[in-house]
Amino acid sequence: MGENSREFGENTKINHKMEEVEREEEIDPESNSLNEPLLKRNRTLSSNPLALVGEKVSYIESLDYEINENDLFKHDWRSRSRVQVLQYIFLKWLLAFLVGLLTGVIATLINLAIENIAGYKLLAVLKYIHKERYLTGFLYFTGINFVLTFVAAILCVCFAPTAAGPGIPEIKAYLNGVDTPNMYGATTLIVKIIGSIGAVSAGLDLGKEGPLVHIGSCIASLLGQGGPDNYRIKWRWLRYFNNDRDRRDLITCGASSGVCAAFRAPVGGVLFALEEVATWWRSALLWRTFFSTAVVVMVLRIFIEICHSGKCGLFGEGGLIMFDVSNVTVRYHVMDIVLVVVIGIIGGVLGSLYNHVLHKILRRYNLINQKGRLHKLLLSLAVALFTSMCQYGLPFLVKCTPCDPSLLGSVCPTNGRSGNFKQFNCPPGSYNDLATLLLTTNDDAVRNIFSTNTPQEYQPMSLLIFFVLYCILGLITFGIAVPSGLFLPIILMGSGYGRLLGIYMGPHTNIDQGLFAVLGAASLMAGSMRMTVSLCVIFLELTNNLLLLPITMIVLLIAKTVGDSFNPSIYEIILHLKGLPFMDANPEPWMRNLTVGELVDVKPSVVTLHGVEKVAKIVDVLKNTTHNGFPVMDDGVVPPVVGQANGATELHGLILRAHLIQALKKKWFFKERRKTEDSEVRERFTWVELAEREGSIEGVAVTSEEMEMFVDLHPLTNTTPFTVLESMSVAKAMILFRQVGLRHLLVVPKYQASGVSPVIGILTRKDLLAHNILTVFPHLAQSKGREKRN
């Protein structure tokens with residue numbers, strides 16, 4: 001036993017050393033293909049995967065979405081009364097309500113803070129400009145943005161690295177079955193809220209939409225587990241939700257609530273969760289997510305009514321429709337469809353180009369971030385300074401535009417925080433159209449460029465400068481160490497070229513320039529993110545114009561089709577870059593030429609346990625392996641089928657690592673080798689305790705006397721694990737694994753001979769990923785290339 005402990009200690013040191021080396025490795029960004037992650041992969045199926053979660057390197061494990069049908073679970077369900085079942089269902093709906101309520105309240109407070117901080121900053125800058133104190137205005141504008149960015153970045157760098165970025169790729173991976181450590185903690189939530197306020201208020205080219213999705217998911221996770229890890233509420237009814245399956249459903253509600261809070265689009269939020277982030281879906285979950293988004297909308301509506309009275313400072317204008325274009329009649333002819341198709345093609349090409357260039361920039365950012373916290377902070381501050389200089393200085397390059405007296409109901413020029421015609425440095429009666437788009441919040445910029453019935457508002461050169469600038473800012477801003485979202489930057493870029501196209505096509509079409517901006521934004525989002533149904537509904541809820549539906553659908557379908565022909569979606573690229581083992585919906589065609597039997601042959605031999613096992617064997621297995629599931633065998637079993645030989649080996653089931661640790665912690669030991677009675681088990685364990693995944697073998701103390709005792713594993717073993725024949729194709733096994741939400745898949749022999757183990761191997765998530773298989777079977781890459789050429 002002492003030799004085993006020393007061996008384990010040496011292995012642990014080696015693993016830590018490998019981790020340090022992998023963190024320090026610098027990979028040439030030009031030498032790797034699009035699917036290569038930022039961290040080097042180990043060329044074996046049995047190694048533990050490393051991935052970037054936010055900006056932090058972590059070991060990645062899978063989640064247990066499968067129901068563990070052991071004796072305790074079966075007894076628990078049999079013994080539950082109808083009242084207890086109704087209580088469980090009621091609590092699910094109550095938690096869905098609380099997720100929507102808290103997400104709506106926090107989203108409103110974030111909006112209120114951003115509008116007031118950014119609003120008062122812009123009012124002060126415009127006063128300096130009105131007094132022709134341009135240098136003072138620049139220093140004030142740049143200084144405030146610098147401080148706000150510093151606060152957001154220092155929080156992410158020092159306190160919660162997982163709060164950096166949008167968080168959507170990690171949520172997508174979690175709902176796919178990948179555990180993302182420290183992603184949903186209380187510290188991450190607080191930093192995400194404060195960081196989003198600081199980064200968006202600083203005028204950086206990012207949105208609060210992605211962070212709000214992450215915030216909603218954090219709220220859902222914390223509610224489900226009863227609070228932060230160190231201060232959990234141990235109420236019995238809450239502990240029923242402390243399992244991966246219910247937590248997955250709550251986080252899905254949180255993600256849809258976050259989208260709803262960001263865009264005020266309840267149906268779009270539900271469809272976003274269904275189309276983009278959720279891997280597993282059912283009708284009951286659909287109802288609860290819709291209920292959560294309905295609560296969010298109610299909260300937003302209440303706060304908007306309160307703020308209309310002027311009690312919220314500069315926040316309070318507008319309603320649930322963020323970018324209203326309902327005041328224009330959508331009229332188009334058959335020839336206008338040609339222009340719509342052109343917008344879709346441009347959006348698909350530009351979206352895929354954006355994904356490609358962003359992928360290259362993220363690789364270079366990774367090389368900078370590897371140098372330490374200071375470099376992360378300096379990179380964020382450098383981007384903030386460049387953004388401030390461009391936003392303040394570029395409007396001086398364009399000519400002033402005289403106000404159009406035919407525009408009724410519009411104030412021109414304006415000197416306030418918002419408005420379509422900002423005077424900036426222009427004489428009375430004129431306005432600066434580029435300042436209208438740059439010296440404002442991102443939401444107001446979208447609102448201004450979406451404005452309808454204003455065909456002469458913007459000069460082509462101003463729109464071209466705006467489009468080029470936000471293409472550059474969108475590429476260099478995403479990836480810095482602040483909470484950031486991709487939705488709004490892509491909308492700004494797309495609306496820029498859409499409105500520019502509308503100016504040049506004005507004489508040949510009846511479509512308003514503002515609607516061209518809407519279609520351009522939709523096309524670029526579809527070309528980059530590859531969403532269709534949810535994006536269509538979100539844009540309809542944003543703009544409040546149902547007549548846009550036919551041409552919006554055409555634009556989205558064309559842009560997605562064109563983009564798919566070049567590269568994956570931006571979230572898939574980020575997933576691969578971070579090394580998150582995300583399992584795609586469709587297996588590669590060459591996977592049908594490989595069987596699961598061939599796959600397990602290249603893995604180390606499976607570690608099995610007996611139904612009644614010695615404590616020393618269990619401790620040795622837990623200390624010297626990292627496996628999370630072990631097949632449980634019974635020897636000498638009398639088969640129930642007449643004619644079979646006695647003494648067969650039976651596969652009793654699969655036991656999880658966490659359950660073995662629970663048995664050791666509770667000293668479930670016996671001096672003799674025997675099976676236990678049901679009553680004995682229920683006195684020591686509860687099903688709720690077995691649903692938890694806390695603890696490690698290092699925290700368990702076992703004496704030398706206890707090492708010689710035995711543990712009955714039968715009551716803790718999942719007696720109905722999913723098994724497949726060794727002749728099944730990898731493609732079919734991957735589909736089963738993903739759709740059911742498995743963590744372990746047992747491979748059994750096709751022919752059961754005497755003396756042959758009933759289990760020949762276990763497949764886990766990393767074994768079924770295409771890039772991992774190709775590292776072990778490189779010849780399959782050649783057939784993959786031939787299939788692509790064909």
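Thresholds, definitions, all that
All chains use their own residue numbering, which begins from 1 and follows the written sequence. Note on the predicted model: pLDDT of at least 70 is required for a residue's local features to be given, and 80 or more for side-chain atom pairs to be given and counted; whole-chain, interface and lining totals, by contrast, use all residues. Water and hydrogen atoms play no part in the side-chain values, which are based on all heavy atoms of the structure. Helix and strand labels come from DSSP, where a helix needs a run of H or I of at least four residues and a strand needs a run of E of at least two; each type is numbered from the N terminus. Relative accessible area decides the class of each residue, using a 1.4 Å probe on protein chains only: under 20% of the type maximum gives buried, over 50% gives exposed, and in between gives partly exposed. Two residues form a contact once any of their heavy atoms are found within 4.5 Å. Calculation of accessible area relied on Shrake-Rupley with a 1.4 Å probe; when residues are assessed, cover is drawn exclusively from the protein chains displayed. UniProt positions are given in the numbering used here, feature names are shortened, and annotations may be inferred rather than shown by experiment. By convention, a stacked pair of Phe, Tyr or Trp rings (six-membered ring in the case of Trp) has centres within 6.5 Å and planes under 30 degrees apart, an edge-to-face pair has planes over 60 apart, and any other such pair is tilted. Definition used in this section: a nonpolar core is a set of buried Ala, Val, Leu, Ile, Met, Phe, Trp, Tyr and Cys residues joined via side-chain atoms within 4.5 Å. Basic side-chain nitrogens of Lys or Arg form a salt bridge, by our definition, when they fall within 4 Å of a carboxyl oxygen of Asp or Glu. As a per-residue measure, pLDDT reflects the predictor's confidence and takes values from 0 up to 100. Here, a strand pair is defined by DSSP locating no fewer than two bridges between the strands. Here the axes come from fitting lines to C-alpha atoms, over the contacting stretch only for helices, and the angles between their N-to-C directions go from 0 to 180 degrees. We call a pair of cysteine sulfur atoms a disulfide when they lie within 2.5 Å.

Novice: Explain the overall build of the chain to me, please; I cannot follow it from the model alone.
Specialist: Per the secondary structure count, the chain includes 30 helices and 14 strands. Out of the 790 residues belonging to the chain, those deemed buried represent 57%. Across the chain, contacts joining residues at least 24 apart in sequence account for 78% of those joining residues at least 6 apart. Accessible surface for the chain amounts to roughly 32,700 Å². Of this, 60% is attributable to carbon and sulfur atoms.

Novice: How do you make sense of the UniProt feature "transmembrane region" (unreviewed entry) in the chain when you look at a structure like this?
Specialist: Here, UniProt's "transmembrane region" (unreviewed entry) annotation points to residues 93-114, 135-163, 183-204, 285-304, 337-357, 377-398, 463-493 and 546-563. As annotated, residues 183-204 comprises 73% helix and 0% strand, and the C-alpha atoms at either end are separated by 24 Å. Helix and strand shares over residues 285-304 are 100% and 0% respectively, and the end C-alpha atoms of the span are 29 Å apart.

Novice: Explain the packing of aromatic side chains to me, please; I cannot follow it from the model alone.
Specialist: Where two aromatic rings form a pair, the distance of their centres and the angle of their planes describe that pair. As enumerated under the stated definition, the model contains 16 aromatic pairs in all. For the pair Tyr 174 and Tyr 184, a centre-to-centre distance of 5.3 Å together with 75° between the ring planes defines the contact as edge-to-face. Of the two residues, Tyr 174 sits in helix α5 (residues 168-176) while Tyr 184 sits in the loop between β4 (178-179) and α6 (186-201), which places them 10 residues apart along the sequence. Judged by relative accessible area, which is 0%, Tyr 174 ranks as buried. Residue classification places Tyr 184 among the buried residues on the basis of a relative accessible area of 4%. Both rings, one in Phe 467 and one in Tyr 497, keep their centres 5.9 Å apart while their planes meet at 75°; by these two values the pair is edge-to-face. Note that Phe 467 is positioned in helix α16 (residues 460-477) and Tyr 497 in helix α17 (residues 487-504), a separation of 30 residues in sequence. A relative accessible area of 8% places Tyr 497 in the buried class.

Novice: What exactly am I supposed to notice about the nonpolar core here?
Specialist: Side chains of nonpolar character tend, in soluble globular proteins, to be buried together. Core analysis: the largest hydrophobic core is formed by 143 residues, its most contacted members being Leu 204, Phe 263, Phe 450, Leu 486, Phe 487, Ile 491 and Met 529. A total of 11 residues in this core trace back to one element, the largest contributor, which is helix α18 (residues 513-529). Dropping the residues within four chain positions of it, Phe 487 is found in contact with Ile 168, Glu 209, Gly 210, Phe 263, Phe 272, Met 525, Met 529, Met 531 and Tyr 571. Of all hydrophobic cores here, the second largest spans 27 residues; its members include Leu 622, Ile 661, Phe 685 and Leu 713.

Novice: Got a minute to help me understand the pattern of salt bridges in this structure?
Specialist: It is possible for side chains of opposite charge to pair when their charged atoms get near one another. Scanning all chains against the criterion turns up 17 salt bridges. A salt bridge links Arg 743 to Asp 64; its shortest N-O distance comes to 3.1 Å. You can see Arg 743 sitting in the loop between α28 (730-740) and β13 (745-748) and its partner Asp 64 sitting in the loop between β3 (61-62) and α2 (71-79), a full 679 residues away along the chain. A relative accessible area of 9% means that Asp 64 is categorised as buried. The residue Glu 170 makes a salt bridge to Lys 578 at a minimum N-O spacing of 3.3 Å. Highlighted residues: Glu 170 in helix α5 and Lys 578 in helix α21 (residues 570-578), separated in sequence by 408 residues. Both residues of the pair, Glu 170 and Lys 578, belong to the buried class. When salt bridges with common partners are traced through the structure, they connect Arg 248, Asp 249, Arg 282 and Arg 288 into a single cluster.

Novice: Just checking my understanding: could you explain the environment of Ala 107 for this structure?
Specialist: Along the chain, Ala 107 falls in helix α3 (residues 82-130). What makes Ala 107 buried here is its relative accessible area of 0%. Between the alpha carbons of Ala 107 and Leu 212 there is a distance of 7.0 Å; along the sequence they are 105 residues apart. Each residue touching Ala 107, except ones within four places of it in the same chain, is listed here: Leu 212 and Ala 261.

Novice: Even after reading the chapter, I still don't get unusual backbone geometry, so can you show me in this structure?
Specialist: Only a minority of non-glycine residues have a phi that is not negative, and only a minority of peptide bonds are not trans. We note that Phe 424 has phi near 55°; this positive angle belongs to a residue other than glycine. Positionally, Phe 424 belongs in the loop between β5 (401-402) and β6 (430-431). Despite not being glycine, Asn 453 shows a phi value in the positive range, around 60°. Along the chain, Asn 453 falls in the loop between α15 (442-449) and α16. Under the relative-accessibility criterion, Asn 453 is labelled partly exposed at 43%.

Novice: Would you take a moment to explain the environment of Val 596 for this structure?
Specialist: Mapped onto the elements of the fold, Val 596 is located in helix α22 (residues 596-601). Taking the C-alpha atoms as reference points, Val 596 and Ile 762, separated by 166 residues in sequence, lie 9.5 Å from one another. Dropping the residues within four chain positions of it, Val 596 is found in contact with Val 724, Leu 725, Glu 726, Met 728, Ser 729, Val 730, Ala 733, Val 747 and Leu 763.

Novice: Can you help me understand the confidence of the model for the chain in this one?
Specialist: Scored by pLDDT, the chain has a mean of 85; 88% of the residues are at 70 or more. Low pLDDT, under 50, characterises residues 1-35; the stretch is placed with 44 contacts to residues that sit more than four places away or in other chains.

Novice: Would you take a moment to explain the pairing of strand β1 (residues 50-53) for this structure?
Specialist: Successive residues of a regular strand alternate their side chains across the two faces of the sheet. The side-chain alternation of β1 yields two buried faces, one formed by Leu 50 and Leu 52 and the other by Ala 51 and Val 53. Bridge count for β1 against strand β2 (residues 56-59) is four bridges, and the pairing is antiparallel. Paired with Leu 52 across the strands is Val 57, a residue of β2.

Novice: What am I meant to see in the sheet that holds strand β14 (residues 761-763) here?
Specialist: Note on sheets: strands pair through backbone hydrogen bonds, and any given pair is parallel or antiparallel. Reading across the sheet, the three strands line up as β12-β13-β14 and stay open at both edges, with mixed pairing between neighbours. Two strands close off the open sheet at either side, each with one partner strand: β12 (723-725) and β14. Taking each pair of neighbouring strands and ignoring which way they run, the sheet shows an average axis angle of 35°. Sheet topology places β12 next to β13; three bridges connect them, and they run parallel. What sits directly across from Leu 725, in β13, is Val 748.

Novice: I would appreciate a short explanation of the state of the cysteines in the present structure.
Specialist: Between two cysteines, a covalent bond joining their sulfur atoms is known as a disulfide. Within this structure, the stated rule accounts for two disulfides. The disulfide partner of Cys 307 is Cys 312, and the S-S distance across this bridge is 2.0 Å. Its S-S torsion of approximately -70° makes the covalent link between Cys 307 and Cys 312 left-handed. Across the disulfide from Cys 400 sits Cys 426; the S-S distance is 2.1 Å. Handedness of the Cys 400-Cys 426 disulfide follows from its S-S torsion of about -95°: it is left-handed. Highlighted residues: Cys 400 in the loop between α13 (373-393) and β5 and Cys 426 in the loop between β5 and β6, separated in sequence by 26 residues. On the accessibility criterion, Cys 400 (31% relative accessible area) is partly exposed.

Novice: Got a minute to help me understand the environment of Gly 177 in this structure?
Specialist: Mapped onto the elements, Gly 177 comes out in the loop between α5 and β4. Those residues within four positions of Gly 177 in sequence are excluded, and the remaining contacts are Glu 61, Ser 62, Leu 63, Tyr 65 and Arg 765.

Novice: Can you walk me through α5 in this structure?
Specialist: Note: α-helices contain 3.6 residues per turn, so residues at a spacing of three or four share the same orientation. Of all nine residues in α5, nine are buried; the element is thus mostly enclosed. Within the sequence span of α5, burial applies to Ile 168, Pro 169, Glu 170, Ile 171, Lys 172, Ala 173, Tyr 174, Leu 175 and Asn 176.

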